[in-house]
Amino acid sequence: MPNTENLVSLQADETLWERVFTVAPLVLVGTREPDGRADLAPKHLAFPMWGPWYGFVCSPTHATYRNAVSGGAFTVSFPKPGHVVLTSLAASPRYEDGEKHALEALETLPAREVDGVLVADCSFHLECRLDRTVDGFGANSLVIGRVVAAHADPDALRTLDREDDELIHTHPLLAYLYPKRFASIDQSLAFPFPAGFKR
Ligand SMILES: Cc1cc2nc3c(=O)[nH]c(=O)nc-3n(C[C@H](O)[C@H](O)[C@H](O)COP(=O)(O)O)c2cc1C
């Protein structure tokens with residue numbers, strides 16, 4: 001009989017997620033600062049909520065959270081693996097003047113439906129209006145937006161005349177392997193859904 005005797009028990013506190021690798025996406029969340037500048041910050045705890053909602057986990061101490069609440073909107077850009085350094089730079093500390101000068105390295109485009117920017121040369125973008133925040137997960141909150149516009153690089157779109165494995169091979173996906181690694185996913189296999197599976 002399998003039992004738990006050979007397993008290591010871990011502390012169920014903030015150190016838990018440092019003990020193993022978990023697979024996450026890596027996106028750039030864009031918000032508008034009160035002085036009109038654009039802010040961008042990487043988030044890996046970010047996910048679609050089926051339907052037209054997208055959420056991410058954010059500390060209320062971050063400008064991203066404050067700006068999303070005060071401006072009522074945020075954008076999400078999905079960087080390609082080749083942009084991992086630029087993506088990381090968006091987490092650079094602010095200077096004494098409160099500015100994140102590293103953001104000058106990121107080329108942006110204006111969002112169409114909300115007040116914000118999208119990051120150039122990404123595979124996929126969302127424009128969201130703030131739906132709600134859910135506070136109280138320790139030092140973190142959940143920020144959920146309703147997707148009001150979405151844009152994709154046509155080369156990264158699934159189409160009937162292209163096999164999914166070939167699309168991922170030619171347009172790899174960026175994955176974040178928390179806590180400190182990333183991967184470029186260019187190989188994939190069809191998922192073995194059970195016969196009769198319905199979502
Ligand atoms: C790879 C990576 C992933 C991150 N993921 C998250 C995340 O999911 N949630 C979060 O609150 N902060 C995350 N951060 C930290 C913020 O991006 C970082 O603190 C940023 O500077 C906050 O900027 P802001 O104050 O302009 O919002 C991540 C940082 C890196 C480098």
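Just so it is clear, the structure is predicted and the values come from calculations on it, not from any experiment.

Draft legend 1. How the structure looks around unusual backbone geometry. Of the consecutive residues Y178 and P179, the connecting peptide bond is found in the cis state with omega at 15°. Within the secondary structure layout, P179 lies in the loop between β11 (173-178) and β12 (181-185). A positive phi angle is found at W50, which is not glycine, with a value near 50°. When you line up the elements, W50 lands in the loop between β4 (46-48) and β5 (53-58). Looking at W50, the number of C-beta atoms within 10 Å reads 6, which means it is exposed. In this structure, D121 is a non-glycine residue whose phi angle is positive, near 60°. Within the secondary structure, D121 sits in the loop between β8 (117-119) and β9 (124-137).

Draft legend 2. A look at the sheet that holds β4. Within the open sheet, the seven strands sit side by side as β3-β2-β6-β9-β10-β5-β4. Their pairing is antiparallel. Single-partner strands in this sheet number two, and they are β3 (38-43) and β4. Strand-to-strand twist of the sheet, defined as the mean angle between neighbouring strand axes without regard to direction, takes the value 30°. Strand direction decides the pairing type here: β4 and β5, joined by three bridges, are antiparallel. Residue A46 lies in a different strand from β5, and its bridge partner there is F56. Where helix α1 (residues 63-71) meets the sheet, it contacts β2 (27-32), β3, β5, β6 (73-78), β9 and β10 (140-152), and its direction lies at approximately 50° from that of β2.

Draft legend 3. The arrangement of the site of the ligand in detail. Taken together, 16 residues surround the ligand, and among them A41, L45, H62, A63 and T64 come closest. The greatest single-element share of the shell around the ligand, amounting to four residues, is contributed by β3. Each residue belonging to the shell around the ligand can be placed in one class, and the counts come to nine nonpolar, five polar and two charged.

Draft legend 4. Quick look at the pairing of β3. The element β3 is extensively covered by neighbouring structure, given that five of its six residues are classed as buried. Here β2 runs beside β3; their pairing, made up of six bridges, is antiparallel. Looking at β3, one finds that L28 is bridged to P42. Counting the residues between successive antiparallel strands, the hairpin from β2 to β3 contains five residues, one of them, G36, with a positive phi of roughly 100°.

So, how was this worked out
- Residue indices begin from 1 for each chain and proceed along its sequence in written order.
- Side-chain atom pairs in this predicted model are given and counted only at pLDDT of 80 or more, local residue features only at pLDDT of at least 70, and totals for whole chains, interfaces and linings cover all residues.
- Helix and strand definitions here come from DSSP, where helices need a minimum of 4 consecutive H or I residues and strands a minimum of 2 consecutive E residues; each element is numbered from the N-terminal end.
- Neighbour counting defines burial: a residue surrounded by 20 or more other C-beta atoms within 10 Å of its own C-beta is buried, one with 12 or fewer is exposed, and intermediate counts give partly exposed, using backbone-placed C-beta atoms.
- One bridge is not enough; two strands pair if DSSP finds at least two bridges between them.
- Interaxial angles span 0 to 180 degrees and are taken between N-to-C directions of axes, which are lines fitted to C-alpha atoms, for helices over the stretch in contact.
- By definition, residue pairs are in contact when their C-beta atoms, positioned from the backbone, come within 7 Å.
- The criterion for a residue being near a molecule or strand is a backbone-placed C-beta atom within 6 Å of that molecule or strand.
- Polar here means any residue outside two lists: the nonpolar Ala, Val, Leu, Ile, Met, Phe, Trp, Tyr, Cys and Pro, and the charged Asp, Glu, Lys and Arg; Gly therefore counts as polar.

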